[in-house]
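Okay, here's what each chain looks like letter by letter:
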Amino acid sequence: MRKIYITAASLILLNVISPAVQAQKKPAESATDKKVDALIAKMTLEEKVGQMTEVTSDVVSKTNAPDHELDADKLKEAIMKYHVGSILNVTGHAYSREHWYDVISTIQKAADQDRLKIPVIYGIDAIHGVTYTVGSTLFPQEIAVAATFNRDIAHKAGEITAYETRASYIPWNYSPVLDLGKSALWPRIYETFGEDPYLVKTMGAAIIKGYQGNDVGDKYHVAACMKHYLGYSFPLSGKDRTPAWIPDRYMREYFLPSFAEAVKAGAKTLMINSGEINGVPVHASKYLLTDVLRGELHFDGIAVTDWRDIQYLHDRHHVAATQKDAVMIAVNAGVDMSMVPYDYTFFTYLVELVKEGKVPMTRINEAVHRILKVKYELGLFERPVGNPTDYPKFGSEEYRLASVQAANEAITLLKNNNNVLPLKKDMKVLVTGPTANTMRSLDGGWSYTWQGDESDKFAANKNTILEAIQQKIGKNNVSYEAGAGFDSLQNIDEAVNAAKKADVIVLCLGELSYTENVGNIEDLNLPPAQIQLAQALAKTGKPVILVLAEGRPRIVTDAEKLSAATLMAYLPGNEGGDAIASVLFGDVNPSGKLPITYPRFPNALNNYYRKNLENGNPDDKHGYNPLYEFGTGLSYTTFSYNNLHVSKPELKDNETLTITVDVKNTGQIEGKESVLLYTSQQYASIAPDTKRLRAYDKISLKPGETKTVSFKITPKDLAFVNDISKTVTEAGEFKIMVGDQTQSFNYVSASTVPSRTGKL
């Protein structure tokens, strides 16, 4: 039965690894590799399997303790009996740095009592700052960082998060999320860098380099973990951890590039997709975990499971008849470490499987080599616990200002009728709506707790949108009525009466914090109560400024058409309230652009790079018609694009095309502009995407100033994956689009045949 399953898995994802990849030479051993090999030679089978075992902190903690406390007996069992290689997560809620020091020190002291004294690698989800340490710097979520179109911000956020994670004595960060945010319904879209493969891969590489620095083993950097490999973000239902159908060609074209780029950037570890693709759970896919990940991408770091996902091969996916079979399937497929996380069954089963000859010792040694190598690279053998005095910048004003800048550049102005924004600071303002006065709608999930449900407690010293506006223009100029909760009307009459007395209404709609399957929804429409509040307020005739604080693009069409201006805030983090107020009142000129397509209707969810079908079917009255397209974002100034120039009319193999464009600030105030370069291929053997982002840059311009922005394009940048899953660049005509400027050029190659249309 198992042989049949493996064969089916191979056939479903039909492209096999190439002979050239199969014949690749093993890289020369480094000094670290030799240390690892020497240590492995001393290890028993049980000690090796222990290194592959990861348990949650609950397993080694006291139960029902009012404050978290490790249990000495449980910890001794984990280390001395099971030789556990990794521990993760928190129990309860965020800890102080002092408590983290006690936790990590106690664990590493226990590890030092084991025979070989191998340190434990502790992991945490520090996905937008050190989310489980009190007083840390919380940045905007990834989707908001993507909206900045500023790689430097992603890199800086990574650097600061790494510093503060190490200041919490933790060396392993389960970040970044490199999933492609294609599905608006999916509850983790806010954890992604958006819907475009190029944007995701470049932002992902930038934050990885920030996390890991030039020396991942120094006291200020951590091992990054790219996740969730592969195709996790595109389930058919839109619900978390539900089945996906992604053909191999499509997977390689859209979902694989971010991981390939992360491997090039040096990411040390990887977390595996919890779901199944084409009926094959990724944790069981030797094709994806070994042939593609190791053979094609040449990734040599740790591949760790997600939460309980080996067990789910039996319980959820039903591809393993027993839990023991599940361990055999996953480890043979290429899993290095199991996030078990609540018991030692993985350890017990895997020891038995090796003794029975069902899992080869070579597979165990391979996995343990990867785990120990990362531990050596992180410096854990020399410095298993950091020095508390080495981190004076933790939670500093310098770091807070970096988060402020990220939030300022993320806020996206989508509409500004008659230049109603910025508002004057002497206006009477009604602030209303369910997201107006809670930090949960600014921070989102993974903030102090898994679901972010204690952000109002732990971030009580930060400003909600209401508090930031009060601070900006004075409490005497601000009134507040909630008007509605997230899914029910509250004091709507009081809100309407307050609106009549105000000059302008700041209506804050959106979502409460959530993540993973807790965030699954049946309807992408914003709950009716929020729309009803917008409609009631609009009837007063006062201008409505709509502020959206949400993790995914909920359908707000009926409310948005009533607004005079619309701001997309995403989940901007602890400094988000201040950033929103600064944009509303003109202290910050907005410069964010949408990293996603904002749908107009719940069943019209095409991404911007859709296939160009509208022009081919004039009878279709329901073509691409989003509320706002990817890349939309206004400013309080204006920019003009001129003199788009392509360095040569033909691009040949091994050549580089230089594209320049002049961008001028034609308005009255200084502003930042993200310059986005798209290309489109006119004809190809695979129906070409309408357009694709190929490059971007962010510039700052003073009034009247002009800058020439330059990009370089190679044939490789124009490639796509064809119908036999090969990456090719086909000869033909290409169009370049930057702003409102367009130019064309031809790619001519002796190594590619004409496209099947006959076009060259």
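In what follows, the accompanying structure is described. (Residues numbered from 1 in each chain as written. Predicted model: local features only at pLDDT ≥ 70, side-chain atom pairs only at ≥ 80, totals over all residues. Heavy atoms only, no water.)

Considering the overall build of the chain
Operational definition: Only DSSP runs of H or I with at least four residues qualify as helices, and only runs of E with at least two residues qualify as strands; both kinds are numbered from the N terminus onward. All radius of gyration figures rest on C-alpha atoms, and the globule criterion is 2.2 Å times the number of residues raised to 0.38. For every residue, the accessible area obtained with a 1.4 Å probe (protein chains only) is divided by the maximum for its type, and the residue is called buried under 20%, exposed over 50%, and partly exposed between those limits. Should any heavy atoms of two residues lie within 4.5 Å, those residues are considered in contact. Counted charges follow a simple rule, with Lys and Arg positive, Asp and Glu negative, and His plus the chain ends left uncounted. We put the charge of a Lys on NZ, of an Arg on CZ, of an Asp on CG and of a Glu on CD.
Across its full length, the chain holds 24 helices and 26 strands. The C-alpha radius of gyration computed for the chain amounts to 26 Å, which stays within 12% of the reference 27 Å derived for 760 residues, consistent with globular compactness. Dimensions of the chain along its principal axes, counting C-alpha atoms only, are 75 × 70 × 45 Å. Going through the 760 residues of the chain one by one, you find that 62% of them count as buried. When contacts within the chain are restricted to residue pairs at least 6 apart in sequence, those whose partners lie at least 24 apart make up 79%. Between the averaged position of the 82 positive side-chain charges in the chain and that of its 89 negative side-chain charges there is a distance of 3 Å.

Structural notes on unusual backbone geometry
The amide bond that connects S175 to the next residue, P176, takes the cis arrangement and shows omega of 10 degrees. Mapping P176 onto the fold places it in the loop between β4 (172-173) and α9 (197-212). That bond from K227 to H228 is cis: its omega, 0 degrees, falls within 30 degrees of zero. Of note, H228 is situated in strand β5 (residues 223-229).

Observations concerning the pairing of strand β15 (residues 544-549)
Definition in use: The pairing criterion is simple: DSSP has to find at least two bridges between the two strands. Note on handedness: a crossover is taken as right-handed if, strands pointing away from the viewer, the path from the first strand over the helix to the second is clockwise.
Across the six residues of β15, six count as buried, placing the element largely inside the fold. Alternating residues of β15 divide into V544, L546 and L548 and I545, V547 and A549, and every residue in both groups is buried. Pairing of strand β14 (residues 504-510) with β15, which is carried by six bridges, proceeds in the parallel orientation. Following the sheet pairing, V506 is matched in β15 by I545. Assessed by its sense of winding, the connection that carries the chain from β14 through helix α22 (residues 528-538) to β15 is right-handed. Across four bridges, β15 lies against strand β16 (residues 565-568) in parallel orientation. Residue pairing in the sheet places V547 in a bridge with L567 of β16.

Describing the packing of aromatic side chains
Applicable threshold: Put simply, two rings from Phe, Tyr or Trp (the six-membered ring, in Trp's case) pair if the centres are within 6.5 Å, and we call them stacked under 30 degrees between planes, edge-to-face over 60, tilted for the rest.
In this structure the tally under the stated criterion is 28 aromatic pairs. The interplanar angle of 85 degrees and the centroid separation of 5.4 Å between the aromatic rings of Y163 and Y399 together place this pair among those described as edge-to-face. With Y163 in helix α8 (residues 151-166) and Y399 in helix α17 (residues 397-410), this pair connects stretches of sequence that are 236 residues apart. Assessed through its relative accessible area of 6%, Y399 is described here as buried.

Description of the sheet that holds strand β21 (residues 692-701)
Quick note on the threshold: Between N-to-C directions, angles span 0 to 180 degrees; the directions come from axes that are lines fitted to C-alpha atoms, helices contributing only their stretch in contact.
Judged by pairing direction, the sheet is mixed, and its five strands sit side by side in the order β18-β26-β25-β20-β21 without closing on themselves. One side of each edge strand has no neighbouring strand; the edge strands of this open sheet are β18 (650-652) and β21. Averaged over all pairs of adjacent strands, the angle between their axes in this sheet comes to 25 degrees, without regard to strand direction.

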